[in-house]
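Chains, contacts and geometry: an overview
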Amino acid sequence: MANLYLKHLIAALLSGIALILVGCQSLNNQPDESLYQQLGEREGIANVVEDLLYLIVDDERINQQFKGMDVAQFHRNLTDQLCELSGGPCTYTGRPMRELHSDMGITDTEFNALAEGLILAMERNDIPTGAQNRLIKALVTMYPDIRNL
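The structure presented is a predicted model; accordingly, all values stated were derived computationally and were not measured.

Criteria and cut-off values
Residues numbered from 1 in each chain as written. Predicted model: local features only at pLDDT ≥ 70, side-chain atom pairs only at ≥ 80, totals over all residues. Heavy atoms only, no water. Helix = DSSP H or I, 4+ residues; strand = E, 2+ residues; numbered from the N terminus. Salt bridge = Lys/Arg side-chain N within 4 Å of Asp/Glu carboxyl O. Buried < 20%, exposed > 50% of the residue type's maximum accessible area, 1.4 Å probe, protein only.

The next point concerns the environment of Glu-99. Mapped onto the secondary structure, Glu-99 falls in helix 5 (residues 97–101). Sequence separation of Glu-99 and Asp-145 is 46 residues, and the distance between their C-alpha atoms is 8.1 Å.

Take a look at the structure:
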């Protein structure tokens, strides 16, 4: 008798859990937007990169690292890289990160300053915080190559 009761209790619990899960799914009628879409697709990413460039120029912690660079090429490459990284249809064709940064001696302070600038640029472009965090998480994987560790 106790065994039968236990079987019915487990079946009821599983049915309840299934109903809760179905109910939760029905509340979420819209599929999650991709990171690429949340960043505003290529145009939105390009706007973020443009704002980042202005922030770099004003940031004395990092602006020396960017002196003499081809601004248009940097903008294009970083836009393509962020577009590709976020799942967009772009292809980054620039140099590998380790090779590109090999002789720059990037410090943690400089790395963090650029990350701060990127976050500020995303905030200025009304990128949702969740999307900002997802992009930063993807970019953190490049840390060893940028720092040449």
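Having seen the structure, we can now continue with the description.
For the structure on display, the rule yields six salt bridges. The shortest N-O distance in the salt bridge between Arg-42 and Asp-80 comes to 2.5 Å. In this pair, Arg-42 sits in helix 3 (residues 41–58) while Asp-80 sits in helix 4 (residues 71–85), placing the two residues 38 residues apart along the sequence. We classify Arg-42 as partly exposed; its relative accessible area is 33%. Arg-147 is paired through a salt bridge with Asp-108; the nearest N and O atoms lie 2.5 Å apart. Of the two residues, Arg-147 sits in helix 8 (residues 143–147) while Asp-108 sits in helix 6 (residues 108–124), which places them 39 residues apart along the sequence. Asp-108 gets classed as partly exposed once you look at its relative accessible area, which sits at 37%. Among the charged side chains, a network of salt bridges with common partners joins Asp-59, Arg-61 and Glu-116.

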